[in-house]
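Summary of structural features
This is what each chain is made of:
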Amino acid sequence: MKLVLLGTGGYFPTTERHTACLMLPEVGVLLDAGSGMCRLAEHLATDRLDVFLTHAHLDHVAGLTCLVNLVPPAVLSKTNVHGDAAKLAAVREHLFAEPIFPVSPPFRFEPLDGPCRLPGGGTLTHFPLPHPGGSLGFRLDWPGHSLAYVTDTTAAANAEYVDHIRGVDLLVHEAYFADDRRDLPSLTGHSALIEVAKVAAAAQVGRLVLVHIDPQTCDQSEFDMDAARGIFVNTEIGEDRMELSF
Ligand SMILES: [Zn+2]
Ligand SMILES: [Zn+2]
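Given the structure is predicted, the values throughout are model-derived calculations rather than measurements. Chains are numbered independently. Their residues run from 1 in the order of the written sequence. As a convention, the first chain written is A and the first ligand written is 1, with the rest following in written order. With the structure being a predicted model, the display of local features is reserved for residues of pLDDT at least 70 and the display and counting of side-chain atom pairs for 80 or more, all residues being used for whole-chain, interface and lining totals. Each side-chain value is derived from all of the structure's non-hydrogen atoms; neither hydrogens nor water enter the calculation.

Some details on the coordination of the zinc ion (ligand 1)
The protein atoms that coordinate the zinc ion (ligand 1) are Asp59 (OD), His60 (NE2), Asp152 (OD) and His212 (NE2), at distances of 2.1 to 2.4 Å. Only nitrogen, oxygen and sulfur atoms qualify as donors, provided they sit within 2.8 Å of the metal or within 3.2 Å for Na, K and Ca; with water excluded from the atoms, sites may seem incomplete. Four donors are marked tetrahedral only if all angles between them lie between 85 and 135 degrees, whereas four are marked square planar and six octahedral if opposite donors are more than 155 degrees apart and the other angles lie between 65 and 115; the remainder are marked irregular. Metal-centred angles of 89 to 161° between the 4 donor atoms at the zinc ion (ligand 1) mark the site as irregular. All donors of the zinc ion (ligand 1) belong to a single chain; written as a sequence motif, their spacing is D-H-x91-D-x59-H. The zinc ion (ligand 2) is placed at 3.7 Å from the zinc ion (ligand 1), the two being bridged by Asp152. Residue exposure (1.4 Å probe, protein chains only): buried if accessible area is under 20% of the type maximum, exposed if over 50%, otherwise partly exposed. On the basis of relative accessible area, His60 is assigned to the buried category, the value being 0%.

Written out as structure tokens, the structure is:
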């Protein structure tokens, strides 16, 4: 199974990183709809799409407006946007309010309530993550392949979500901060690099790829990757357009 990182930044786009958007082209699944969504058409390979939103902060939903012009109408008519019911309602009411975006959403909003079937015999499950306003983590399982996506939360090896991601082949996890100076991770609902490596080790995942990087330090010069790999050896920083197999 192939995962394409369309956007690996947090908060706002830069020349190096668009904001949160991951794509599994073979099954038409997108995880988050940040500004990286603008690259969707390069990878579109299915006649329908399923977009799963972790939450409704702008760096995760603004790209929904790109779908209107980047995806053929026949595909849009079979496209569903999934997420927490209240967050979907906020997106529909505010992001697609006529003064902000003048085209009505040409896809369906589907509140998540329980596991979701995916093409190819897969299943997506979701679980809550602490973050201002709340976020959702996702785990996607197919026979022989598994992926977890955890963003916009504060990593801790004893966090409740660790059980939900245990043993996945690939963990894509946010690492907004290089370290936990001034308690910024817990104050903002984001993660520090070393704590993320500890989560990967505790959950015994196969591989860790870091995303949702702080746009103000996105040259990663502050990331101590040697220290992170000392805790979990199979750690790397995600880059926009990176393609990962799992
Ligand atoms: Zn975010
Ligand atoms: Zn957020």
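The discussion continues.
A short note on the sheet that holds strand 4 (residues 49-52)
For two strands to be treated as a pair, DSSP must find no fewer than two bridges joining them. Numbering of helices and strands runs from the N terminus, with a helix taken as a DSSP run of H or I at least four residues long and a strand as a DSSP run of E at least two residues long. With respect to topology, 7 strands assemble into an open sheet ordered 6-5-4-3-2-1-14, the strand pairing being mixed. Taken across any chain shown, the strands that pair with only one partner, and hence form the sheet edges, are strand 6 (108-111) and strand 14 (243-245). Neighbour to neighbour, the strand axes of the sheet diverge by 25° on average, direction disregarded. Pairing of strand 4 with strand 5 (residues 79-83) involves 4 bridges; the strand directions are parallel. Of the residues in strand 5, the one forming a bridge with Val51 is Val81. We call two residues in contact whenever any of their non-hydrogen atoms come within 4.5 Å of each other. For helices, the axis comes from a line fit to the C-alpha atoms of the stretch in contact; other axes are also lines fit to C-alpha atoms, and the angle between any two N-to-C directions lies between 0 and 180 degrees. On the sheet, helix 4 (residues 85-95) packs against strand 5 and strand 6 and is oriented at approximately 160° with respect to strand 6.

Details of the packing of aromatic side chains
A pair of aromatic rings is counted whenever rings of Phe, Tyr or Trp (Trp by its six-membered ring) have centres within 6.5 Å, and the orientation is called stacked for planes under 30 degrees apart, edge-to-face for over 60 and tilted otherwise. Under the criterion given, the structure shown has 7 aromatic pairs. For the pair Phe96 and Phe107, a centre-to-centre distance of 5.9 Å together with 80° between the ring planes defines the contact as edge-to-face. Here Phe96, found in the loop between helix 4 and strand 6, pairs with Phe107, found in the loop between helix 4 and strand 6; they are 11 residues apart in sequence, far enough to count as distant. Comparing Phe96 with Phe107 shows no difference in burial state: the two are buried. Joined through ring pairs, the aromatic side chains of Phe96, Phe101, Phe107 and Phe109 make up one cluster.

As for the pairing of strand 8 (residues 122-129)
Consecutive residues of a regular strand have side chains that alternate between opposite faces of the sheet. Alignment of strand 7 (residues 116-118) against strand 8, held across 3 bridges, turns out to be antiparallel. Its bridge partner being in strand 8, Arg117 is matched across the sheet by Thr123. Taking the residues that link successive antiparallel strands as the turn, the strand 7-strand 8 hairpin has 3 residues, and the phi of Gly120 there is positive, at about 80°. Across 7 bridges, strand 8 lies against strand 9 (residues 135-142) in antiparallel orientation. The residue of strand 9 that forms the bridge with Thr125 is Arg139. In this antiparallel pair of consecutive strands, strand 8 and strand 9, the connection spans 5 residues, and Gly133 shows a positive phi of 85°.

Here we look at the pattern of salt bridges
In what follows, salt bridge is the name for a side-chain nitrogen of Lys or Arg lying within 4 Å of a carboxyl oxygen of Asp or Glu. In the structure shown here, the tally under the stated rule is 13 salt bridges. Residues Arg48 and Asp50 are paired through a salt bridge, measuring 2.8 Å at the closest nitrogen-oxygen approach. Between Glu222 and Arg181 there is a salt bridge, with its nearest N and O atoms 3.6 Å apart. Here the residue Glu222 occupies a position in the loop between strand 12 (207-211) and helix 7 (225-231), and Arg181 occupies one in the loop between strand 11 (170-174) and helix 5 (184-188), the gap between them amounting to 41 residues.

Observations concerning unusual backbone geometry
At Asp32, a position not held by glycine, the phi torsion is positive, near 70°. Mapped onto the secondary structure, Asp32 falls in the loop between strand 3 (29-31) and strand 4. Phi is positive for Asp152, which is not a glycine, with a value near 55°. Among the secondary structure elements, Asp152 is positioned in the loop between strand 10 (145-150) and strand 11.

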